[in-house]
Structures are given as C-alpha cells and as structure tokens.
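Architecture and fold: a report
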Amino acid sequence: MICRQATLEMVRPGDRVCLAARNASELSRIASDLQIRRKPELVITRLFDTNDFGDHQRFIEEIHQTLGALDIILVGTGVLGDQIAARSSIPAIREILNSNFVGIATLLSSVANIMESQRSGIIAVLSSVAGDRGRQSNYIYGSAKSGMTAYLSGLRNRLSDSGVRVLTIKLGFVDTRMIAGMGGAFLRASPYYIGRRIVAKLDGESGNVYLPWFWRYIMLVIVHIPEGIFRRLKL
Ligand SMILES: NC(=O)c1ccc[n+]([C@@H]2O[C@H](COP(=O)([O-])OP(=O)(O)OC[C@H]3O[C@@H](n4cnc5c(N)ncnc54)[C@H](OP(=O)(O)O)[C@@H]3O)[C@@H](O)[C@H]2O)c1
C-alpha cells in the first residue's frame, strides 16, 4: 500500500516504469491507474516474489534491459507475520526473514552492481523503527528490519563514491492492512502522507530517514532504556 502511494506520487509524464509484485491483478490495476493519472511513456509489470532468490539477477537484468536504465528502485515488500506462530514454526520464521530481509538483499546486490557501473541511481527501501531495538513481542520481524537497515548502511558506504544514493526509510505506524487491528491508533500516519514524504526524501537525501519525523526521537528514548527496565515493560 505504501509503495503504491509513493509510486503514484513519484511517476512523472514520460517516465519509464516497472511495477513488480506477486499479485498479477493488483499489478494491472495499479498500472492502469498510473497510466491514466501520470501519463508515463512506458509501464511494464512483472511478477516478483522475494523468496525466488535464484531468479533475482536475471529478473533485474531483464528489467534493466527493457527500461534502458535503472534510476530509482523503491522496495516495500514485507510481512509482519504471526510473531507467536513464528516462535515454533520454521516456515513462519523463514517467511518473515525472507520477505523483509534476505530476498531484498539478494535483489539489491544485482541492482547495486548495475547502478555502480552506470555511476548513478537511488536505492530506497522501506525498513522499520522495529529494527532499532528488538522487542519481545516482535523481535523476529524487528531483526529482519534491523538486518535490512545494517545491509543498507554498508551498501551506502560502498557506493558513496559512485554517485549512487541509498536511502533507508524507517517507518513508524502507517495505517495499512499490515497493522490492521493493532493498537497505537493515535500514532498512525496515513499511507498517502507517507507516500508523499517518501518521494520528497528521494530528492537529495541519503542515509536514514524516520517517517513520520517524530519517530527519530521516540526511538532515541527507546534504544537508551536500560535492558532490565526494557524487559519489565514487556513491549
Ligand atoms: N504499515 C506499517 O505500520 C509499517 C511500519 C513499518 C514498516 N513498514 C514496512 O513498509 C513496507 C510496506 O508495508 P505496507 O504497510 O504498505 O503493507 P502491505 O500493504 O501489506 O505491503 C506489503 C507488500 O509486500 C508484499 N510482499 C510480502 N511478501 C512478499 C514476497 N515474498 N514477495 C513479494 N512481495 C511480497 C505484499 O504483497 P502481497 O499483496 O502479495 O501480499 C504487499 O504488496 C513493508 O516492508 C513493511 O514492513 C510498514
């Protein structure tokens, strides 16, 4: 949902765009919407599953060839998953780790090599404030996001001399199906607002961005709570 909103904000008339996801009918709906509202020169759709690791290099090379260049990649795949089930189910833990981290890291390795050789590009990935500190209620999801954040930090350092910018977008609560039924309603941002802020951040920024901004300060407090107190808070 967040990526969809950001894409609608980002695309300009004349752009060449690839939309990739695992739901074919949703992809064609978004592509039609984009064509009507933003008038891009080209929109292609591709089925994509982060768990198909072996296919990622061929997938990115084919898109690169079809579009002619890779200027911006925005990645927003992820599942929150069932954190309780994942304590005792290997398939459940694998799905959370693969969808939020492993599959994105393998995909980006091909993207990074192409952008490094063209000496330009922007890599932007939706991570989460959950990656800033492991909490007992969602440390599996949080650790995947933390891994993603660390991967992007290293990638940003590696690509710093090549003109490629790497943006880690650490999101707080955003009102999408991912957190339907959960608490924290007063802290929730709308996906439309977040989509607009992501696109604004693509212009010029590199590094870690918190959205909405106040999460930077909430997490500053949270990461400094001593372990003994943090444990008793049962977060
Ligand atoms: N909403 C929040 O409060 C929040 C907070 C922090 C971070 N984030 C992060 O923001 C990103 C976007 O989340 P959202 O809120 O927009 O939720 P969403 O609407 O559920 O979007 C997640 C997207 O990831 C896709 N996906 C999941 N596993 C995949 C896989 N193995 N291969 C390909 N696609 C896969 C889903 O595809 P299907 O439709 O096929 O399932 C869905 O399109 C996620 O990375 C999420 O972790 C969200």
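Residues numbered from 1 in each chain as written. Predicted model: local features only at pLDDT ≥ 70, side-chain atom pairs only at ≥ 80, totals over all residues. Heavy atoms only, no water.

As for the packing of helix 3 (residues 56–67) against helix 4 (residues 90–118)
The geometry of a pair of packed helices is captured by two quantities: the angle between their axes and the separation between those axes. Under the convention used in this document: Axes, fitted as lines to C-alpha atoms, cover a helix only where it is in contact. Angles between the N-to-C directions of the axes lie from 0 to 180 degrees. Only DSSP runs of H or I reaching four residues or more are called helices, and only runs of E reaching two or more are called strands; each is numbered from the N terminus. In what follows, roughly perpendicular refers to angles from 65 to 115 degrees, roughly parallel to angles under 35, roughly antiparallel to angles over 145, and oblique to any angle outside these ranges. The sense of a crossing depends on the near helix, which, turned anticlockwise from the far helix by less than a right angle, makes the crossing left-handed and, turned clockwise, makes it right-handed. We call two residues in contact whenever any of their non-hydrogen atoms come within 4.5 Å of each other. The classification used treats Ala, Val, Leu, Ile, Met, Phe, Trp, Tyr, Cys and Pro as nonpolar, Asp, Glu, Lys and Arg as charged, and all other residues, Gly among them, as polar.
In contact at an axis separation of 9 Å, helix 3 and helix 4 are set at 40° when each is read in the N-to-C sense. It follows that helix 3 is oblique to helix 4 by the angle criterion. Of the two possible hands of crossing, helix 3 and helix 4 adopt the one that is right-handed. The residues of helix 4 that touch helix 3, namely those facing His-56, Gln-57, Phe-59, Ile-60 and His-64, are Gly-103, Thr-106, Leu-107, Ser-110, Val-111, Ile-114 and Gln-118. Here the contact of helix 3 with helix 4 is built from residues that sort into 5 nonpolar, 7 polar and no charged.

Some details on the site of the ligand
Let me state the cut-off plainly: Any residue with a non-hydrogen atom lying within 4 Å of a molecule or strand is treated as near it. The term polar contact refers here to a pair of N or O atoms within 3.5 Å; inside protein, the definition further demands a hydrogen-donor-capable atom paired with an acceptor-capable atom, and it admits residues adjacent in sequence only when both atoms are side-chain atoms.
Surveying the vicinity of the ligand reveals 26 residues, the closest of which are Arg-22, Thr-50, Tyr-141, Val-174 and Thr-176. Here Asp-49 contributes a side-chain N or O atom positioned 3.0 Å from a nitrogen atom of the ligand. Gly-78 is positioned with one of its backbone polar atoms (N or O) 3.2 Å from an oxygen atom of the ligand. Put simply, the parts of the chain that give the shell around the ligand at least two residues each are helix 4, strand 4 (121–128) and helix 5 (139–159).

Focus: the nonpolar core
Note the threshold: In this text, buried Ala, Val, Leu, Ile, Met, Phe, Trp, Tyr and Cys residues form a nonpolar core when linked through side-chain atoms within 4.5 Å. Buried means the residue's accessible area, taken with a 1.4 Å probe over protein chains only, is under 20% of the maximum for its type, while exposed means over 50%, and partly exposed covers the values in between.
Ile-73, Leu-108, Val-111, Ile-123 and Val-125 are the most contacted members of the largest nonpolar core, which totals 24 residues. Those elements that provide at least two residues to this core are helix 3, strand 3 (72–75), helix 4, strand 4, helix 5 and strand 5 (164–171). In terms of residue count, the dominant contributor to this core is helix 4 (7 residues).

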